[in-house]
Amino acid sequence: MIRRDDVAAGRASSRASALLRGARRLAAAAVLALGFAGVAQAAIDAYTFKDDAERARYTELTRELRCPKCQNQDIADSNAPIAADLRKEIYRMLGEGQSNQQIIDFMVDRYGEFVRYKPELNAHTWLLWFGPAGLLLGGAVLIGVIVVRRRRTSREDADVLSDEERQRLAHLLDKNRE
Amino acid sequence: MKRWMLLIPLVLFLGMAGLLYRGLYLDPSELPSALIGKPFPEFNLPAVQDGKPLTRADLLGKPALVNVWGTWCVACRVEHPVLTKLAEQGVVIYGVNYKDVNAEAQKWLKEFHDPYQLNINDEAGSLGLNLGVYGAPETFLIDAKGVIRYKHVGVIDQTVWREKLAGQYQALVDEGRE
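Given the structure is predicted, the values throughout are model-derived calculations rather than measurements. Sequence order as written defines the numbering, with residues in each chain counted from 1. In the order they appear in the text, chains get letters beginning with A and ligands get numbers beginning with 1. Thresholds applied to this predicted model are a pLDDT of at least 70 for local features of residues and 80 or more for the giving and counting of side-chain atom pairs; totals over whole chains, interfaces and linings are not thresholded and use all residues. To obtain the side-chain values, all non-hydrogen atoms of the structure were included, while hydrogens and water were left out.

Enquirer: Can you break down the overall build of chain A residue by residue, with the values?
Expert: The helix count covers DSSP runs of H or I at least four residues long, the strand count covers runs of E at least two residues long, and both are numbered beginning at the N terminus. The helix and strand inventory of chain A stands at six helices and zero strands. Of the regular secondary structure in chain A, the N- to C-terminal order runs α-α-α-α-α-α. Each residue's exposure class comes from its accessible area (1.4 Å probe, protein chains only) as a fraction of the maximum for that residue type: buried when under 20%, exposed when over 50%, partly exposed otherwise. Buried residues in chain A amount to 22% of all 178 residues. Should any heavy atoms of two residues lie within 4.5 Å, those residues are counted as being in contact. Counting contacts in chain A only where the partners sit at least 6 residues apart, residues at least 24 apart contribute 47% of the total. Total accessible area on chain A is roughly 13700 Å²; 60% of this is exposed by carbon and sulfur atoms. Values of accessible area rely on a 1.4 Å probe in the Shrake-Rupley scheme; residue burial ignores everything except the protein chains shown.

Enquirer: Would you mind going over the sheet that holds strand E4 (residues 93–98) of chain B in detail, with residue names and values included?
Expert: Residue and element names in this part refer to chain B. On the basis of which strands lie adjacent, the open sheet formed by five strands has the order E5-E4-E3-E6-E7 and mixed pairing. Pairing within the sheet leaves two strands with one partner each, and these edge strands are strand E5 (118–122) and strand E7 (148–153). The mean angle between the axes of side-by-side strands here comes to 20°, regardless of whether they run parallel or antiparallel. A strand pair is defined by DSSP finding two or more bridges across the two strands. Bridging between strand E3 (residues 64–69) and strand E6 (residues 138–142) involves five bridges; their strand directions are antiparallel. Paired with Ala64 across the two strands is Ile142, which belongs to E6. Axis definition: a line fitted to C-alpha atoms, limited for helices to the stretch in contact. Angles are taken between N-to-C directions and run from 0 to 180 degrees.

Enquirer: Could you give an account of the interface of chain A and chain B, with specific residues and numbers?
Expert: As a measure of interface size, the accessible area lost when the parts come together is often cited. The interface of chain A with chain B comprises 15 residues on the first partner and 16 residues on the second. Buried area is a sum: the accessible area each of two parts loses on coming together, probed at 1.4 Å, counted once for each and added. Surface buried jointly by chain A and chain B totals about 1200 Å² across both partners, of which 53% is contributed by carbon and sulfur atoms. The largest share of the area that chain A buries against chain B comes from Gln71(A), Arg110(A) and Tyr111(A), three residues that together contribute 41% of it. Each reported salt bridge corresponds to a side-chain nitrogen of Lys or Arg within 4 Å of a carboxyl oxygen of Asp or Glu. The interface formed by chain A and chain B includes one salt bridge. Taken together, the elements giving at least two residues each to the side of chain A that touches chain B come down to helix H3 (81–95) and helix H4 (100–111) of chain A.

Enquirer: Now, about the packing of aromatic side chains: what can you tell me, with residues and values included?
Expert: All names here are of chain A. Pairing of aromatic rings covers Phe, Tyr and Trp, the last through its six-membered ring, and needs centres within 6.5 Å; plane angles under 30 degrees mean stacked, over 60 mean edge-to-face, and all others mean tilted. Inspection of the entire model under this criterion finds 11 aromatic pairs over all chains. Arranged with centres 4.3 Å apart and planes meeting at 15°, the rings of Tyr47 and Tyr91 form a pair that is stacked. With a gap of 44 residues between them, Tyr47 in the loop between helix H1 (4–44) and helix H2 (52–64) and Tyr91 in helix H3 connect regions that are remote in the sequence. The class for Tyr47 is partly exposed, based on a relative accessible area of 21%. The class of Tyr91 is partly exposed, set by a relative accessible area of 24%.

Enquirer: So what's going on with the environment of Pro39(B)? Residues and values would help.
Expert: All names here are of chain B. Within the element layout of this structure, Pro39 appears in the loop between helix H1 (8–24) and strand E1 (44–46). Placed 103 residues apart in sequence, Pro39 and Ile142 show a C-alpha to C-alpha distance of 8.6 Å. If near-sequence neighbours (up to four positions away) are discounted, Pro39 is found in contact with Arg56, Gly146, Val147 and Ile148.

Enquirer: With reference to specific residues and values, describe helix H2 (residues 74–88) of chain B.
Expert: All names here are of chain B. Look at H2: 23 Å from first C-alpha to last across 15 residues, which is about the 21 Å you get at 1.5 Å a residue. Within H2, the axis deviates most sharply at His80, by approximately 35°, and proline Pro81 lies no more than four positions further along. Among all positions in H2, only Cys76, Glu79, His80, Val82, Leu83, Thr84 and Leu86 are buried. Among the structural elements, E3, E4, helix H3 (102–111), E6 and helix H5 (158–177) are those in contact with the buried residues of H2. Immediately downstream of H2, the backbone of Gly90 shows phi near 100°, a positive value. For a helix, the expected span equals 1.5 Å multiplied by the number of residues minus one. We define the bend at each residue as the angle formed by axes fitted to the 7 residues ending at it and the 7 residues starting at it.

Enquirer: Just give me the short version of empty space enclosed by the protein, but keep the residues and values in it.
Expert: Site definitions follow a grid-based scheme: protein atoms alone, a 1 Å grid, a 1.4 Å probe that fits but cannot get out for cavities, and for pockets an open set with protein on both sides within 12 Å along at least five of seven lines, plus lining residues having an atom within 4 Å of a point. Grid points are joined across faces, edges and corners, and a volume is the space filled by probe spheres set on the points. Going through the model one piece at a time under the given rule, you end up with one cavity of 30 Å³ or more. Each pocket or cavity is described by its volume, and for the largest cavity that value is around 30 Å³. Considering the residues around the largest cavity, the lining is formed by Arg110(A), Tyr111(A), Leu31(B), Pro32(B), Ser33(B), Ala34(B), Gly132(B), Tyr134(B) and Lys151(B).

Enquirer: Could you give an account of the UniProt feature "transmembrane region" (unreviewed entry) in chain A, naming the residues involved and the relevant values?
Expert: Sites flagged by UniProt as "transmembrane region" (unreviewed entry) map to residues 126–148 of chain A. Across residues 126–148 of chain A one finds 100% helix and 0% strand; the C-alpha atoms that close the span lie 31 Å apart. UniProt positions are given in the numbering used here, feature names are shortened, and annotations may be inferred rather than shown by experiment.

Enquirer: Please provide a residue-by-residue account of a nonpolar patch on the surface, values included.
Expert: Within this analysis, patches are made of residues with over 30% relative accessible area and no salt bridge. Like charges are joined at 9 Å or less; nonpolar side chains (Val, Leu, Ile, Met, Phe, Trp, Tyr) at 5 Å or less. On the surface, Leu121(A), Trp126(A), Leu127(A), Leu128(A), Trp129(A) and Phe130(A) cluster together to form a nonpolar patch covering roughly 690 Å² of accessible area. With respect to the secondary-structure elements, Trp126(A) resides in helix H5 (residues 126–158).

Enquirer: Explain the pattern of salt bridges to me, using residue names and the numbers behind them.
Expert: When the charged atoms of two side chains lie near each other, side chains of opposite charge can form a pair. Residue and element names in this part refer to chain A. Inspection of the entire model under this criterion finds 10 salt bridges over all chains. Here Glu54 ties to Lys50 by a salt bridge, and the two come within 3.5 Å at their closest N and O atoms. Residues joined by salt bridges that share partners form a network here, namely Glu64, Glu113, Arg116 and Glu120.

Okay, structure coming up:
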């Protein structure tokens, strides 16, 4: 015969084991998540390089090239599949011993000048390169001109009347006094 | 200071406003293709349906649309009926099945209408890379000699066809007749 408190005890113990099971599940999930974090990290840096110089070039190139799909990210930063493809392509070309310029030309041939964060200096891009500095310089020159002009006029103000005019002024003032 | 110089700030403001106003209506995700006027890249890939090897030579002879698509691409589903209609009107359309699972592509072509004269299986995305594809659907207009004349990124609907592609396609067809 089953007594009431037995049932209650049974319930309590099943609750406890449910709690334990929950905790275990949580722990498992945490371990799994950590594992995935490791995988995600590895997916970005799964390439092995010949030496540090090659790794540095890879980093430099993936930072200088822009992702065509997610336009304001470089391809090192982007998770888009196209960026992953381009990273793979850069890795392959580095392995083949191609120069940075060759790799950049390869990308520009396919995706246009757009993919470069540092576009080449040519007739189309000189304004982009020198525009900001030019504007700054222009502004400085303008301010300089204004300041110099002001100074000159304020100095001229001191002797704005010629000797002749001064005599006339004195004369007029004398006349008024009389 | 001369009087007209007072107008300079107004002119600058209007110029800036004009520039920014135009910027409101530009779509920065539409990149000009670097490949326009260049030959369609060489490739050697199997066909989607029967695995028969296809090369660039298979695309020559007639002006055509080369449509980059995938079963994973939602917009391609939207575009599909339009392409089917165009194919029925006699427009030559070749497919590049880009980064897709071939079995799924075959299923898609069986289940829906197949507007493609032939379909290139670009599972690894190598042809896509050489074409500067950064998202599907993308459609290239090539002439009979295989030179890329135009590229449209995004879905082709009736409006896009009428306003951007139909005229150029017709011109290429007429060119071939003369």
